[in-house]
Amino acid sequence: MAARGNTFVAGSARLLQFLRNWTLPVAIFSGIVVYLLFAYIPQLDGAARFFGPIFDAVFPLFMIMILFVVFCKVDFHRLRLVHWHLWVSLFQLVFVFVLVVFTLLIHPSGKELVVAEALLCCVISPCAAAAPVVTQKLGGDLEQMTSYVFLSNFLAALLIPTAFPIIDSQAEIPFLVAFLQILRGVSIVLLLPMAMAYVVKHYFCRFHRWIVSINDLSFYTWALSLTIVSGVTVKSIVHSAAPALLLVVIALLGLLTCIVQYAVGRFVGHYTSTVTESGQGLGQKNTAFAVWVALTYLHPLATVGPGCYILWQNIINSVEIWHQRKLGLERHT
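This one's a predicted model, so the numbers in the text were calculated from it and none came from an experiment.

Explanation requested: the overall build of the protein chain in the structure shown.
Along the backbone of the protein chain there are 14 helices and 0 strands. Residues classed as buried in the protein chain amount to 48% of the 333 residues present. Sequence-distant contacts, at least 24 apart, represent 83% of the contacts inside the protein chain between residues at least 6 apart. Summed over all atoms, the accessible surface of the protein chain reaches about 16,500 Å², with 73% contributed by carbon and sulfur.

The following block contains the structure:
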């Protein structure tokens, strides 16, 4: 009995270590499997209809909670713009400019236009609100990353209503309306948890110390939200009426775009001693936001691009975290 108990404990320890090492891939895989189970087992149809609206409502709350925990650890006096913010923003502008000019030169239509729109969504999307979580875990500067998230969202609010009508003449976007609509979403997702964290940090010190003392709370909460996002991504692909070849092309181009943006960001970081921050800033995108703007202003199939991008970027994030842990440099969030 004792030997059996020891075997169980050892097995449980190995399982927990595996889950800790590969949290993000497990979250992605779990989201995909759960969606497929609910989608293809008729007996679960009722449960799928019941839980669908709940997941849609819960996801924004997850993001607010993640950022609240992150902002509880932020030194608000250190939030400022630094040199790498300028260079990473400049490269994002260059990528958007190149895509728009290339689209104007070749005048795509039909499937080609969908591919162009999908790629533009992957490039023009702002830095992910959860990027500070990964950056901190990789040993980067939390305050610099948080500052860039705000800058990146403001830049996206300027770029989207400017670039979308150029690349797609059917995208009727009044500049001021789109700008204010995007800023409103940014205010809810970013400013609300920041204000909550500021109040807790200064007026509820005991509760603040308790939040900060829980290791990796924001990281594992984010992983749980990633499970939901992965399921929603697969749902959009499964329900797509597009040919399989078109979906594969968009997915592979999304992978290439993801690798290029991470690589360019890290390249910029070599010159500013901010490899981690610059790489995450340019590579890790708010793809949920990108899916929303594609559904709102572009062809619905364009959502496949950012939908696949979220899988690619989190595979890269997982490898980065694994490598950091292997070197013994991983930090708690």
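Picking up where we left off.
Is there a simple way to explain the packing of helix α7 (residues 142-167) against helix α12 (residues 275-283) in this structure?
Any two packed helices are characterised by how steeply their axes cross, that is the angle between the axes, and by the distance between the axes. One can describe the packing of α7 onto α12 by two numbers: an axis separation of 10 Å at closest approach and a directional angle of 25°. Classified by the interaxial angle, the pair formed by α7 and α12 is roughly parallel. For the pair α7 and α12, the sense of crossing is right-handed. Taken together, the residues of α12 that come into contact with α7 (itself represented by Gln144, Met145 and Tyr148) are Glu277, Gln280 and Gly281. A per-class count over the contact of α7 with α12 returns 2 nonpolar, 3 polar and 1 charged.

Would you explain the environment of Leu301 in this entry?
Turning to its location among the elements, Leu301 is positioned in the loop between α13 (287-297) and α14 (304-326). Each C-alpha atom of the pair Leu301 and Ile250 lies 9.6 Å from the other, and the pair is 51 residues apart in sequence.

What exactly am I supposed to notice about α7 here?
Counting along an α-helix, one turn takes 3.6 residues, and residues three or four places apart therefore face a common direction. Over its 26 residues, α7 extends 35 Å from the first C-alpha to the last, a length consistent with the 38 Å expected when each residue adds 1.5 Å. Its side-chain oxygen 3.0 Å from the backbone nitrogen of Glu143, Asp141 forms the N-cap of α7.

Got a minute to help me understand α13 in this structure?
Those residues of α13 not exposed but buried are Thr287, Phe289, Ala290, Val293, Ala294 and Tyr297. Along the long axis of α13, the arc covered by the buried residues comes to 150°, so they all point the same way.

Can you help me understand the pattern of salt bridges in this one?
Pairing between side chains of opposite charge can happen when the charged atoms of each approach one another. All chains considered together, the criterion is met by 3 salt bridges. Here Asp141 and Arg78 are joined by a salt bridge, their closest N and O atoms 2.7 Å apart. Within this pair, whereas Asp141 is found in the loop between α6 (131-137) and α7, its partner Arg78 is found in the loop between α3 (45-72) and α4 (83-106), the two being separated by 63 residues in sequence. Where salt bridges share partners, they join Arg78, Asp141 and Glu143 into one cluster.

Hey, could you run me through a nonpolar patch on the surface in this one?
There is a patch of nonpolar side chains on the surface, built from Leu86, Trp87, Leu90, Leu93, Val94, Phe97 and Val98 and spanning about 670 Å² of accessible area. Here Trp87 is to be found in helix α4. The exposure class of Trp87 is partly exposed, given its relative accessible area of 42%.

For this particular structure, what's the right way to read the state of the cysteines?
Two cysteines whose sulfur atoms are joined by a covalent bond form what is called a disulfide. Tallied over the full model, the rule gives 0 disulfides. You can see Cys122 has no disulfide; the closest cysteine sulfur is in Cys121, sitting 6.9 Å from it. Free cysteine: Cys258, not disulfide-bonded; nearest cysteine sulfur from Cys122 at 8.4 Å.

When you look at the side chain of Thr135 in this model, what are you seeing that I'm missing?
Note on placement: Thr135 falls in helix α6. In contact with Thr135, not counting residues within four places along its chain, are Gly140, Asp141, Met145, Thr276, Glu277 and Gln280.

Sorry, what's going on with the nonpolar core here?
It is characteristic of soluble globular proteins that their nonpolar side chains tend to be buried jointly. Core analysis: the largest hydrophobic core is formed by 83 residues, its most contacted members being Val96, Leu120, Ile124, Ile160, Phe164 and Trp222. With 12 residues, α7 is the largest single contributor of residues to this core.

Mind showing me how you'd approach the packing of helix α11 (residues 244-272) against α14 here?
In contact at an axis separation of 8 Å, α11 and α14 are set at 45° when each is read in the N-to-C sense. By the criterion of interaxial angle, the relationship of α11 to α14 is oblique. Handedness of the α11/α14 crossing: right-handed. Contacts between α11 and α14 involve Leu247, Ile250, Ala251, Gly254, Leu255, Thr257, Cys258, Gln261, Tyr262 and Arg266 from the former and Val304, Gly305, Cys308, Tyr309, Trp312, Gln313, Ile316, Asn317 and Glu320 from the latter. Its residues placed into classes, the contact of α11 with α14 shows 11 nonpolar, 6 polar and 2 charged.

Got a minute to help me understand the environment of Leu142 in this structure?
Residue position: Leu142 is located in helix α7. If we ignore the near neighbours within four places in the chain, the residues touching Leu142 are Val70, Lys73, Val74, Pro132 and Gln136.

Could you clarify how one ought to interpret unusual backbone geometry in this entry?
The general pattern is negative phi for most residues beyond glycine and trans for most peptide bonds. In this model, Ser273 sits at a positive phi of 55°, which is unusual for a non-glycine residue. For Ser273, the position within the fold is in the loop between α11 and α12. The class for Ser273 is exposed, based on a relative accessible area of 69%.

Cut-offs applied
- Residues numbered from 1 in each chain as written.
- Predicted model: local features only at pLDDT ≥ 70, side-chain atom pairs only at ≥ 80, totals over all residues.
- Heavy atoms only, no water.
- Helix = DSSP H or I, 4+ residues; strand = E, 2+ residues; numbered from the N terminus.
- Buried < 20%, exposed > 50% of the residue type's maximum accessible area, 1.4 Å probe, protein only.
- Contact = heavy atoms within 4.5 Å.
- Areas by Shrake-Rupley, 256 points an atom, 1.4 Å probe, with all protein chains shown as cover.
- Axes fitted to C-alpha atoms, helices over the stretch in contact; angles between N-to-C directions.
- Parallel < 35°, antiparallel > 145°, perpendicular 65-115°, else oblique.
- Left-handed = near helix turned anticlockwise from the far one by under 90°.
- Nonpolar A, V, L, I, M, F, W, Y, C, P; charged D, E, K, R; others polar.
- Expected span 1.5 Å × (residues − 1).
- Polar contact = N/O pair within 3.5 Å; in protein donor to acceptor, adjacent residues only side chain to side chain.
- Arc of directions from axis to C-beta.
- Salt bridge = Lys/Arg side-chain N within 4 Å of Asp/Glu carboxyl O.
- Patch = residues over 30% accessible without salt bridge, like charges linked within 9 Å, V, L, I, M, F, W, Y side chains within 5 Å.
- Disulfide = S-S within 2.5 Å.
- Core = buried A, V, L, I, M, F, W, Y, C linked by side-chain atoms within 4.5 Å.

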